[in-house]
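Chain residues, written in single-letter form:
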Amino acid sequence: MYNTPPSENITLEEFERLALARLSVLKEMEAYKLRHPNKTEKELLDKLNQLKLKHMKGTGLGSSGAAGSSREEDIRADLISHYVLRLAYCRTPELRKWFLAAEAELFRLKFGTYSPEEHEQFLAAHAPQYRPVPDDELGVVMGDIKQVSWTRVPELVSGRRVLLRGGWAYVSREALAPLVVAEFRTGVSKGLSEMARRWRQMFPAEEEQRLQPLVASLANRSLVADYSGVATRYGDVSAANLHQVSARHFPLCMSHLMTALHTERHLRHGGRQQLTLFLKGIGLPMEEALLFWRSEFAPRTTGEAFDKQYAYNIRHNYGREGKRTDYTAYNCPTIVGFSGGPGDHHGCPYRRLDETTLRAALGRLNCDERKVEEAVSKARAGHYQLACAAAFEGVHRVPEMDVGISAPLQYYAESRRVCAEREAAAAGGVPPATAGVDAAAAGPATAGNGGAQASAGPAGPTPGGAAARVGVKRPAEAVVGGTPGNA
Amino acid sequence: MAGDAAPANAEPSINVQDAMPSYYDSKHAQADAHFFNRREFCFTLNGDIFVRYQAFKDGAELQAAIQRRCPAKIDIGPVYSANPQDRHKFGASFQPLERELVFDIDLTDYDDVRTCGSGGHICARCWPLMAVAVKIIDAGLRQEFGFQHILWVYSGRRGVHCWVCDPSARQLTDEQRSAVASWFSVYKGHEEGKARVALLGGTMHPAVERAAAILRNAWRETLLPAQRLLEDGPHCEAMLRYLPEEGLVESVKRKWATAAKKEANRSMDVSLLRWGIIEEEVRLRLAEEKSRSKTGGNFKVVGPLERCLDEIVMAHAYPRLDMEVSKKMNHLLKAPFCVHPKTGKVCVPIDPAHADDFDPDGVPTVASLLGELAAAAAAREEAAAGADGAAEAAGKGPEPWRDTRMADAVTTFERCLLDGLAASNREELASRTRVAVAVGQLGIDF
Ligand SMILES: [Zn+2]
């Protein structure tokens, strides 16, 4: 129930690693539930265990009994990661809301796996108001029933979903679970508000400068890798093959711009920005970019006019003009947020196109029909990134991805990887990696968070890795504690 | 009500306060002056002038105010966090803290199913609807919710009020009050000329089943014959609409026609006779359907057939609560023993165990009580005149109301509420004392 924050010394690195691992599990679990609203409890639980293994193996956060981690370690890692994320997600109502929902779901699934004995223990420790029914009180054997004053469960009474006798409500184990989850939510929610209120006191003065930004960044982390490697790895793009590459590997938001550009021989500013930065991201050199745009704008715009009006902007995006900033490609949240008029083609097509146009566009990408429908319905529900992921699966005929698409570059990188593996397999090389998307998607979360993360290595917190650690030992209770009994 | 307020008393000559000495025992848990004076009373003066947020130091002050202003109606509200008359001083911290859990059942809500009258009408023929409502809610409050101190009061015109006075009931939150009201609410309004009752498809909830058992009994015993629900065409048609199959309706009508020709049936109550035929036809149809297959027939056919009789009974007679009254702690409700301004009837308590015997037309009115008082005084005078030289005998006795039928009402009040409350208050006091002795706070020498 997370009633007491942990108090021990941990390294800054472990602090961050545990938090990121938990965050990955929460986020991917959320994505999985959004994509599959009708999964059974068993399937959800399997997924959760799979995600825990994937992200938390060796951290002590894996499912208990797994090699190398004891139950005590599990509990410790669970506590620390929960409280670090609490710190990170207590700052705004939106963050609190997300964290609360994600954690409550985790708790709900976990509570469901408890054995009757564990239920007893849990209730006795955390919810003593739910009493066991004294023998023979109902005149029948009631193994799985608890009694609680009816005033504690007004919703159940209101819906006549309990048995009432003499002021006691008799609640079955199934009916009990949501009540306990509700109490869990209330507890975490109170803890979060309390933390937010006392945010300034949460960090010891001497650690504040190092810890605060780290904690704050946890909440903003999109868990998306830096895709800068893509450009060098698949650096074979040129003005000549761009349309070919687009047809095979571009997400809809980009292939849609490519098509519009090619047919209209023009793109308005928003579209030009979105596409140029993406092309730069996939490794199209600046000279090739100028060549490409000039030829696409012709004949509507003469070469001379192009050089005058548009070339500067492209060079600017490549950091060769003006402030010489090296601009990076937009990610999904940015693109989804774009608005535009009727003549604009930028933004997220899953958000901006009507269903008929969207179906046709996905059809042109040769997307599997079932997946087209899935994408359309996700888009209708406002889950644009999940819609994009569905399209990815439909186009590439792969099993589903763990996370939604969070950047066009991610889509592109995945697409290149899948196709490369297929070709290698066809050539008799590496076995076909049909489940490979899964493993690759893990990449961003575990490897994409900069140097500190990479240095942790797969071995986990072995004392020998001290050299790779960030800084000295930190008094963790000062970080994650500070509000004893706040839950 | 419970221990802190004398029932408001619109009959100046009746001092109910005297009837409950244990209430004003200074040792009583709530006897401190700062409890009673936080209770809101609302007077309705002649001309529909509402005077809200009145509070009184004690019963005597309340009685004096009643006698001075003669309110047409007195409502009782909650106990607030402060004296309601000082509420402006406290701003948002002025909040209701306690209030009896109350229910209001009104016969006007049954207009679609009662045949004897509508609106403000009430008579011996529609009273059984109220009586059965009292029985069902009373049993539910006691057996399911575990409440003990429950007062039922005739509302003076066409309904009943219920006051649940257990300390735990008085402290319920609005959400919990709503939950109790919903627990008892089965009637969900009208649809396609039928009352919709939520029977939850398959098996009935034990609480609904308990109510249904009471209703099935009352249906044949009192409701059906009293309301003559199956005598005239439109009412018959209305009831037949609940039968799930057209064929069933037709066969019932045929049997009714045949039965009407039999001499032996002439003496029977028509409604009961016809109801018996409906039951029989449903039973036959159900047996036929179930024999069709080993699995007991198509559940889509069997289900509605199995439910339809209960649906008819529930739709016609299950208690229809005025939910809004129960949901909020600060809802006002007319005080017991008030005189109804339109009928002149006194809102007398009803013994739930004898709700069937209650006669709404026989309750004392202001006029009847005054008559009885006068008669009693005259009788005393006569007796005094006969008795030699008994000088002061012509005056009133110490409690003249004891000579009127108000005495019966007060007895019911004591038996049904006050005695029980006093007993549990004494018990509570005793146990508090025991605890106090145990911790040595009283320092009593043994
Ligand atoms: Zn009537």
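An unreviewed UniProt entry lists chain B under the name DNA primase, with Gonium pectorale as the source organism. We quote the UniProt Sequence similarities (unreviewed entry) comment for chain B here in full: "Belongs to the eukaryotic-type primase small subunit family."

Going by what an unreviewed UniProt entry lists, chain A is known as DNA primase large subunit C-terminal domain-containing protein and is assigned to Gonium pectorale. Checking UniProt for chain A, the heading Sequence similarities (unreviewed entry) contains the comment "Belongs to the eukaryotic-type primase large subunit family." Listed under Cofactor (unreviewed entry) in UniProt, the entry text for chain A is "[4Fe-4S] cluster".

1. Looking at the overall build of chain B
Counting its regular elements, chain B contains 14 helices and 11 strands. Per-residue burial for chain B yields a buried fraction of 49% across its 446 residues. Partitioning the intrachain contacts of chain B with sequence separation of at least 6 by distance along the chain shows that 67% fall at a separation of at least 24. As displayed, chain B has an accessible area near 20500 Å², and 52% of this comes from carbon and sulfur atoms.

2. Here we look at the packing of helix H20 (residues 384-396) of chain A against helix H21 (residues 408-426) of chain A
Residues and elements named next belong to chain A. Packing of H20 against H21 leaves a shortest axis separation of 11 Å and a crossing angle of 20°. Put simply, H20 runs roughly parallel to H21. Viewed along their axes, H20 and H21 form a crossing whose handedness is right-handed. Note on element contacts: H21 touches H20 through Tyr411, Glu414, Ser415, Val418, Cys419 and Arg422, opposite Cys388, Ala391, Phe392, Val395 and His396.

3. A few points about the coordination of the zinc ion
Residues and elements named next belong to chain B. On the protein side, the zinc ion has Cys116 (SG), His121 (NE2), Cys123 (SG) and Cys126 (SG) as donor atoms, found 2.0 to 2.3 Å from it. Classification of the site at the zinc ion as tetrahedral follows from its 4 donor atoms and the range of 102 to 119° in their angles at the metal. A residue is classified by how much of its surface remains accessible, and histidine 121, at 23% relative accessible area, is partly exposed.

4. Quick word on the packing of aromatic side chains
Residues and elements named next belong to chain A. On inspection of all chains with the given rule, the structure shows 31 aromatic pairs over all chains. Relative to phenylalanine 297, the ring of tryptophan 293 lies with its centre 6.0 Å away and its plane at 70°, an arrangement referred to as edge-to-face. Here tryptophan 293 and its partner phenylalanine 297 are both found in helix H13 (residues 286-297), 4 residues apart, which amounts to about one turn of the helix. Comparing tryptophan 293 with phenylalanine 297, the two get one shared label, buried.

5. Let's talk about the environment of Ser251(B)
Inspection of the secondary structure assignment puts Ser251(B) in helix H9 (residues 246-261). Among the polar contacts listed, one links the side chain of Ser251(B) to the backbone oxygen of Leu248(B), at a separation of 3.0 Å.

6. What about the interface of chain B and chain A?
Many authors give the size of an interface as the accessible area that is lost as the parts come together. Opposite the 18 residues of chain B that make contact, chain A presents 14 residues. There are 0 salt bridges connecting chain B and chain A. Our enumeration of links across chain B and chain A arrives at 10 residue pairs in polar contact (both at pLDDT 80 or more). For the side of chain B that touches chain A, the secondary structure elements donating two or more residues are helix H4 (127-144), helix H6 (174-183) and helix H7 (206-227) of chain B. Element by element, the count of residues in the side of chain B that touches chain A is highest for H6(B), at 6 residues. Classifying every residue of the side of chain B that touches chain A by side-chain character gives 10 nonpolar, 6 polar and 2 charged.

7. Looking at the sheet that holds strand E2 (residues 131-132) of chain A
Pairing in this open sheet of 4 strands is antiparallel, and the strands run E2-E3-E5-E4 (chain A) from one edge to the other. The strands lining the two open edges of the sheet, one partner per strand, are E2 and strand E4 (163-165) of chain A.

Cut-offs applied
Residues numbered from 1 in each chain as written. Chains lettered and ligands numbered in written order. Predicted model: local features only at pLDDT ≥ 70, side-chain atom pairs only at ≥ 80, totals over all residues. Heavy atoms only, no water. UniProt positions renumbered as here; feature names shortened; annotations may be inferred. Helix = DSSP H or I, 4+ residues; strand = E, 2+ residues; numbered from the N terminus. Buried < 20%, exposed > 50% of the residue type's maximum accessible area, 1.4 Å probe, protein only. Contact = heavy atoms within 4.5 Å. Areas by Shrake-Rupley, 256 points an atom, 1.4 Å probe, with all protein chains shown as cover. Axes fitted to C-alpha atoms, helices over the stretch in contact; angles between N-to-C directions. Parallel < 35°, antiparallel > 145°, perpendicular 65-115°, else oblique. Left-handed = near helix turned anticlockwise from the far one by under 90°. Donors = N, O, S within 2.8 Å, 3.2 Å for Na, K, Ca; no water. Tetrahedral: all angles 85-135°; square planar, octahedral: opposite > 155°, others 65-115°. Phe/Tyr/Trp six-rings, centres within 6.5 Å; stacked < 30°, edge-to-face > 60°. Polar contact = N/O pair within 3.5 Å; in protein donor to acceptor, adjacent residues only side chain to side chain. Salt bridge = Lys/Arg side-chain N within 4 Å of Asp/Glu carboxyl O. Nonpolar A, V, L, I, M, F, W, Y, C, P; charged D, E, K, R; others polar. Pairing = 2+ DSSP bridges.

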